[in-house]
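Next come the chains, spelled out residue by residue.
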Amino acid sequence: MSCGLSYSIPVGGSWNLAHICALVPESHALFIVPSGCARIIHLSAAEAGMQERFSTLAVSEQDTIMGGIEEKIIPAAEEVLRRFQPRVLFLFTSCIADFIGLDREVYLSRLQQAHPDIAFLDGRMDPINRNGKLPPIVRMQDLICSLMEKAGSDRAVNLIGSFLPTEDSQELVSHLRAQGYEVRHAALCRSLDQLKRMGSSSLNLVLHKSAVPAAIQLQQRLGIPWADLSGCQSIAAAEPAYAEVTRLLGIAPAELEAPREACERALSCLKEAAASRTVAVDDTYCSAPYALAAEMIRRGIRVSAYFADGGTETLPQKDADACMVASMCRIVDTGDPLIARQYGADAFRDEQALCLGDSAAYLLHSRHYASGLRFSGRFGYDGLRQAAQELLDSAEREADAPSSRPGRGCCA
Amino acid sequence: MNGLTCVLPPLTPDLGGAASMLEPLGGLVVFHDAAGCLENYVVYDEPRLAGSGALVCSSSLTAIDAITGNEEPLIAGIAAEAERLHPSFAAIIGTPVPAVTAMDLEGIAAAAERKAHLPVLALSCSGFDPYWQGAGAALLQLVQRFAEPAAKEAHTVSLLGATPLDLSDSMLAYSCSLLEQAGWHVRTAATMHADIRALQTLPAAELNLVVSRTGLPAAEYLQKRFGTPYRCLLPLSPHQAETLTLRETQQEDGEAVIAAEPILAASLADLLMERHGIRAEILPLDAEEDEAGRILQKHSLVLADPMYRPLCREGTLFCALPHAARSSHLFQEMDPMSVIRQILSLKGITQGGNRI
């Protein structure tokens with residue numbers, strides 16, 4: 001058990017603010033932070049080929065002592081507007097902002113007054129408030145949705161909370177399309193106007209819990225109802241959630257026999273391929289990978305270990321899938337500093353293991369793995385089928401070692 | 001505009017520099033942060049972490065602990081891990097929130113040291129300063145803490161200030177081979193090729209070579225405390241290794257400009273003059289972006305990290321000199337040694353770059 005210090009496994013493709021901001025077309029982000037804090041943003045942007053969407057106004061130690069940062073922000077923002085002409089400008093502050101008493105209203109209101117056609121968004125890069133009322137990711141989901149405007153009543157549904165759009169093969173998505181609904185996602189918007197138009201959709205489908213406050217905001221502000229699909233990596237939760245979606249839209253229920261069978265076929269093949277191997281799952285693969293692990297265990301697939309930053313404490317209590325994983329797998333806390341030593345001592349080595357997630361692959365020294373994303377848009381039978389298929393594919397080939405490059409799947 | 005950066009990624013901050021200097025030594029390195037600073041370091045400033053098993057952690061600082069000045073979780077965390085994992089030392093690295101709330105990291109380190117029964121260093125980094133300040137402070141503390149009196153060994157040299165943020169493995173290996181050919185035995189390269197034992201015996205070196213400015217505070221201390229002389233030089237040619245001097249220093253209004261770690265840049269400037277008669281100006285790494293652009297635009301030959309490329313004028317001959325403290329691993333397929341080899345070759349630098 002860790003005693004307060006936390007370790008960070010040096011692999012993974014998680015998204016940071018650079019990638020999330022890029023979900024907003026025609027936007028630019030100005031980071032008003034100690035310069036070192038913005039390094040990850042600029043380098044992530046450079047790796048993704050989107051350098052021109054980010055700038056930094058470096059806050060110096062002198063600034064924190066003497067104050068007056070607000071007065072520097074306005075000309076810096078004006079310069080960014082002049083150079084890049086965005087329609088949305090994120091103004092990000094960092095962990096220190098509240099400690100030095102930064103008054104955001106001073107610059108936000110003056111900039112908004114001077115540029116009424118531009119949206120100025122109050123962004124925060126403040127992990128120190130991760131346990132507060134509005135953690136950074138929740139705020140970002142809220143900010144993105146705050147740009148949506150009602151301009152009609154479209155036969156469309158929005159997917160919110162995920163960073164990547166859900167694939168066409170997903171059973172609920174394909175059913176909605178067959179019923180004449182457009183399925184919208186921020187990553188599919190090529191212009192700010194398209195993102196705004198999401199405010200005219202009939203329903204919001206929440207794919208990650210961090211977007212629940214955003215869904216509530218949209219319901220209150222634009223009258224868009226919402227359905228919570230964030231638990232739908234569990235098959236048991238998916239079918240009733242789908243029924244709720246079709247009820248809200250007043251359309252026929254989805255036909256699930258074919259996706260169910262496709263999923264079972266993939267799992268059956270995986271069971272065969274993994275007969276002499278073990279499967280390991282980690283919490284970087286999707287938002288609730290324990291649900292995938294539980295479905296595999298139910299079908300006789302040997303899931304040996306479940307790796308999660310926080311260990312058993314991250315498994316929801318009284319959840320059947322989580323309980324099954326807790327009882328059948330070795331649970332390893334990847335945030336425990338002991339992991340570094342165990343890795344050095346080859347404590348987990350299992351080069352033939354099939355791994356869902358980069359952390360498991362790293363710790364097991366396995367090149368047979370499928371990379372995922374916590375905020376991916378996958379769920380339901382198709383999500384489970386794809387995970388099984390990816391593991392099957394990984395069984396037959398050796399991939400490169402997992403990398404630390406962030407922003408997996410970001411194609412801004 | 002003052003402080004505004006739209007092109008250049010910020011340099012590695014002091015806290016990343018400190019951690020980079022400490023990483024190979026087997027200690028417990030703790031960022032006193034909410035995990036964001038550690039993420040910066042893990043993703044972009046430490047190529048050695050994957051596979052190393054190094055104990056680099058975050059204290060998971062919370063807002064309430066920062067506000068109330070609750071130091072106990074950090075002290076208890078270090079003591080617990082010291083008992084469980086037996087690191088050779090621990091180090092607390094400051095970050096922006098401890099800096100603006102004026103946390104007494106030295107006091108915390110002293111308390112942790114009493115509780116954990118192992119040396120605990122306090123690096124009062126802030127995230128506002130560049131990497132060389134943190135790395136320099138870390139190496140200084142290491143030698144202050146661990147270096148022991150020793151008889152000098154003739155013809156031995158230690159390299160101070162070697163981290164992957166400034167030096168590639170190939171550059172360091174090349175310099176070491178030149179020194180060996182010149183009759184020197186290289187004892188250690190602190191800390192890229194060093195352990196705690198090597199730091200303890202640093203005073204046995206006849207000479208210290210400061211191979212990046214991060215080594216300067218430690219070199220000054222070792223001279224004052226143990227009488228070890230030092231030179232600031234990264235040898236890149238047989239002549240430099242033999243004389244341990246540079247013929248040329250920074251030339252204002254030179255034909256070329258070099259944006260690199262200043263000791264590497266001085267060695268390169270010397271080489272450019274020696275081999276090709278080209279005078280080179282050195283661009284400070286911490287120059288504001290606008291100022292850097294003005295200087296780069298004046299020159300037709302630029303040796304710099306590829307991130308500087310958009311600031312150069314059309315027609316410039318640009319020689320890519322990737323610098324990890326600027327661009328991390330983004331250009332890892334380009335070996336800075338290739339530029340050095342081009343300068344060393346009689347064919348000349350003009351064949352080595354790319355016209356913008």
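None of these values were measured; they are calculated from a predicted model. (Residues numbered from 1 in each chain as written. Chains lettered and ligands numbered in written order. Predicted model: local features only at pLDDT ≥ 70, side-chain atom pairs only at ≥ 80, totals over all residues.)

A. How the structure looks around the sheet that holds strand 3 (residues 54-58) of chain A. Read across the open sheet, the 5 strands follow the order 5(A)-4(A)-2(A)-3(A)-1(B); overall the sheet is mixed. Edge positions in the open sheet fall to strand 5 (119-125) of chain A together with strand 1 (4-5) of chain B, since each of these has one partner strand only. (Pairing = 2+ DSSP bridges. Helix = DSSP H or I, 4+ residues; strand = E, 2+ residues; numbered from the N terminus.)

B. Examining unusual backbone geometry more closely. The amide bond that connects Ala 190 of chain B to the next residue, Thr 191 of chain B, takes the cis arrangement and shows omega of 5 degrees. If you trace the backbone, Thr 191 of chain B turns up in strand 7 (residues 185-191). The phi angle at Asp 346 of chain A is positive, at roughly 60 degrees, despite the residue not being glycine. Locating Asp 346 of chain A in the fold gives a position in the loop between helix 14 (338-344) and strand 13 (354-356). Positive phi is not limited to glycine here, since Leu 244 of chain B has a value of about 50 degrees. Among the structural elements, Leu 244 of chain B can be located in the loop between helix 11 (238-243) and strand 10 (256-259). Judged by local crowding, Leu 244 of chain B falls into the partly exposed class, with 17 C-beta atoms found within 10 Å. (Buried ≥ 20, exposed ≤ 12 C-beta atoms within 10 Å, placed from the backbone.)

C. The arrangement of the domain arrangement of chain B in detail. All names here are of chain B. When cut into domains, chain B gives domain 1 (14-144), domain 2 (148-243) and domain 3 (256-355). Between the C-alpha centres of domain 1 and domain 3 the distance comes to 34 Å. Contacts between domain 1 and domain 3 engage 5 residues on the former and 5 residues on the latter. Along the lines of polarity and charge, the residues of the side of domain 1 that touches domain 3 split into 4 nonpolar, no polar and 1 charged. (Domains from an automatic or database assignment. Contact = placed C-beta atoms within 7 Å. Nonpolar A, V, L, I, M, F, W, Y, C, P; charged D, E, K, R; others polar.)

D. Just the sheet that holds strand 8 (residues 205-210) of chain B, in detail. All names here are of chain B. Strand order in the open sheet made by the 4 strands is 7-6-8-9, with parallel pairing throughout. Strands with a single pairing partner mark the edges of an open sheet, and in this sheet they are strand 7 and strand 9 (230-232). The mean inter-strand angle of the sheet, taken between neighbouring strand axes irrespective of direction, is 25 degrees. As judged from the 6 bridges shared by strand 6 (residues 153-162) and strand 7, these two strands associate in the parallel manner. Counted as the bridge partner of Val 157 is Val 186 from strand 7. (Axes fitted to C-alpha atoms, helices over the stretch in contact; angles between N-to-C directions.)

E. Geometry of the domain arrangement of chain A. Taken domain by domain, chain A consists of domain 1 (25-146), domain 2 (156-249) and domain 3 (257-395). The gap between the C-alpha centroids of domain 1 of chain A and domain 3 of chain A is 37 Å.

F. Spatial organisation of the interface of chain A and chain B. The interface is formed by 50 residues belonging to chain A together with 50 residues belonging to chain B. At 6 residues, helix 2 (residues 39-47) of chain A tops the list of elements feeding residues into the side of chain A that touches chain B. In terms of residue class, the side of chain A that touches chain B is made up of 26 nonpolar, 16 polar and 8 charged. Relative to strand 3 (residues 55-58) of chain B, strand 1 (residues 6-7) of chain A runs antiparallel, the two being bridged by 2 bridges. Bridging across to strand 3 of chain B, Ser 6 of chain A finds its partner in Ser 58 of chain B.

G. Up close: the nonpolar core. Leu 30 of chain A together with Ile 258 of chain B are the most contacted members of the largest nonpolar core, which totals 268 residues. For this core, the leading source of residues is helix 7 (residues 131-146) of chain B, giving 9 residues. Leaving out residues up to four positions away in the same chain, Leu 30 of chain A has contacts with Ser 55, Leu 57, Ala 76, Ala 77, Val 80, Leu 89, Phe 90, Leu 91 and Phe 92 of chain A. (Core = buried A, V, L, I, M, F, W, Y, C linked by C-beta atoms within 7 Å.)

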